[in-house]
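Listed below are the residues making up each chain.
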Amino acid sequence: MISKWIYILIGDNNTGKTTFQKELLKILCDENRDSRLYYGKEYKINHPYALKNSIKLFLGNRSYQEKKNSDIDTVEDYFESIFIPSDICILSSHLNKDDIQNIIKLGKEQFYNIGGVFFTNSIEKQPDKNKEISQLDWDEKFIINNKLINENINDEQFKIKVDSQIRILSREFSQMLINRMIVQ
């Protein structure tokens, strides 16, 4: 039996979506992308606990809204130009209900289950938009508990603390993905 998933990371800028994807890539595919994460690329999952062979991971990298340009004007364009159908797809979106609704629709038309991945720092900053988006036609919702860091620390300490927090959360999410690979 096959179960394909699109997970949509939801939040505006500085939520942790790109760092989260970089960490997933390190954990699941043993690829280090500290400086830059490429988009429109499919990766082979080679984690030792992923028992199935040839499971492919697609990372959308930047939010859909950041990809919009003269060639990509709609979600349909995004799916035709950048999206690579894979076993597991990680897409990313700002808090734009209409865009997310279109991503869900197009994903479901391609027989994907759709998971909404909400970040608590985004929920705390913009609760109304997040609540509205949480009511869409999700197959499952996930909450990444990356609390706002309000400590009085310098920029370097702040980055270390945030990166550490995202690293731990991406490990937990990766473990969930691996567990699902084993039973599906």
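Residues numbered from 1 in each chain as written. Predicted model: local features only at pLDDT ≥ 70, side-chain atom pairs only at ≥ 80, totals over all residues. Heavy atoms only, no water.

A. Up close: the overall build of the chain. What the chain contains, in helices and strands, is seven helices and six strands. Going from the N terminus to the C terminus, the chain shows its helices and strands as β-α-β-β-α-α-β-α-β-α-α-β-α. Taking the principal axes of its C-alpha atoms as reference, the chain extends roughly 50 × 40 × 30 Å. Taking all 184 residues of the chain together, the buried fraction comes to 47%. In the chain, 70% of the contacts between residues at least 6 apart in sequence involve partners at least 24 apart. (Helix = DSSP H or I, 4+ residues; strand = E, 2+ residues; numbered from the N terminus. Buried < 20%, exposed > 50% of the residue type's maximum accessible area, 1.4 Å probe, protein only. Contact = heavy atoms within 4.5 Å.)

B. Looking closely at the sheet that holds strand β5 (residues 113-119). Within the open sheet, the six strands sit side by side as β2-β3-β4-β1-β5-β6. Their pairing is mixed. Edge positions in the sheet fall to β2 (41-44) and β6 (140-144), since each of these pairs with one other strand and no more. In this sheet, adjacent strand axes meet at a mean angle of 25 degrees when their direction is disregarded. In this structure, strand β3 (residues 56-59) lies alongside strand β4 (residues 88-93), joined through three bridges in parallel fashion. The residue bridging Leu 57 from the neighbouring strand is Ile 88, located in β4. (Pairing = 2+ DSSP bridges. Axes fitted to C-alpha atoms, helices over the stretch in contact; angles between N-to-C directions.)

C. Spotlight on the environment of Gln 165. Summarising the element assignment, Gln 165 is placed in helix α7 (residues 155-183). Residues Gln 165 and Asn 146, 19 residues apart in the sequence, show an inter-C-alpha distance of 6.6 Å.

D. Structural detail: the packing of aromatic side chains. The final tally for this structure, using the stated rule, is 12 aromatic pairs. Between Phe 83 and Tyr 112, the ring centres sit 5.9 Å apart and the planes meet at 80 degrees, which makes this aromatic pair edge-to-face. Here Phe 83 is found in the loop between α3 (75-81) and β4, whereas its partner Tyr 112 is found in the loop between α4 (97-109) and β5, with 29 residues between them in sequence. According to the relative accessible area criterion, Phe 83 is buried, its value standing at 6%. Ring pairs connect the aromatic residues Trp 5, Tyr 7, Phe 20, Phe 119, Phe 142 and Phe 173, which therefore count as one cluster. A cation over an aromatic ring shows up here: Lys 4 above the ring of Tyr 112, its NZ or CZ 4.3 Å from the ring centre. (Phe/Tyr/Trp six-rings, centres within 6.5 Å; stacked < 30°, edge-to-face > 60°. Lys NZ or Arg CZ within 6 Å of the ring centre and 35° of its normal.)

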